[in-house]
Amino acid sequence: MCAGCPRFDERGFMGKGARPCDVLFLLGNPADSELDRNRPFSGRAMSVLNSAIADIAKEGDRYRNFTRYIAYSTRCGGEKADTLAREKCAPQVLQEIHTAQPKVIVPLGLDAVKALGLKVTRLGNISGRELTVMVSGIKYRVLPSMNINQVMMDTGLYNTFRNDIRRAVDYAYKPILG
């Protein structure tokens, strides 16, 4: 799929959703089950994300009607995605962001944060904090959140995860200062 990638011959998945969008959710990589079934954005992680979106939709029109786009930071590889594959996917992911024109990017997990070119080693240092990133000369708001797999392993994190999504929608409607 991506020239120069060691997994070039594997099927990869492009993102889906509204373009332009209010919020772009950037996941790490497709699950093995999604690759096996050739059905992107259909695994358990998507169920958790969809539940959080449905929960905040009950809070008013802004949360019910925001537009979204969902993409993977590594398009193939499932659980075996490696650093080289992530590096080779990065230019395509950045192009996809540029095409989707999100008001806010929500990278879900450390791999997704790194795909944006942010140099971090621990997600805990930046999770839930508003950052900015330049993509093709355009400044984007970024609100990192946890990897959905963490939420699935520790359901006590669900409220924090849902609140991060709510905050991302709020940021999408807030003007950029400076």
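The structure this text deals with has already been given above.
Residues numbered from 1 in each chain as written. Predicted model: local features only at pLDDT ≥ 70, side-chain atom pairs only at ≥ 80, totals over all residues. Heavy atoms only, no water.

A.B. asks: Where do I start with the packing of helix H2 (residues 44–57) against helix H7 (residues 158–172) in this structure?
C.D. replies: Between H2 and H7, whose axes approach to 9 Å, the crossing angle comes to 65°. H2 and H7 meet at a crossing whose hand is right-handed. Contact with H2, carried on its side by Val-48, Leu-49, Ser-51, Ala-52, Ile-53, Asp-55 and Ile-56, involves Tyr-158, Phe-161, Arg-162, Ile-165, Arg-166 and Val-169 of H7 and no other residues of that element. Of the residues belonging to the contact of H2 with H7, the class tally is nine nonpolar, one polar and three charged. (Axes fitted to C-alpha atoms, helices over the stretch in contact; angles between N-to-C directions. Helix = DSSP H or I, 4+ residues; strand = E, 2+ residues; numbered from the N terminus. Left-handed = near helix turned anticlockwise from the far one by under 90°. Contact = heavy atoms within 4.5 Å. Nonpolar A, V, L, I, M, F, W, Y, C, P; charged D, E, K, R; others polar.)

A.B. asks: Which parts of the structure should I look at to understand the pairing of strand S6 (residues 138–142)?
C.D. replies: Within a regular strand, side chains alternate between the sheet's two faces. By the bridge criterion, two bridges tie strand S4 (residues 104–107) to S6 in an arrangement that is parallel. What sits directly across from Val-104, in S6, is Arg-141. Across five bridges, strand S5 (residues 131–135) lies against S6 in antiparallel orientation. Paired with Met-134 across the bridge in S6 is Lys-139. (Pairing = 2+ DSSP bridges.)

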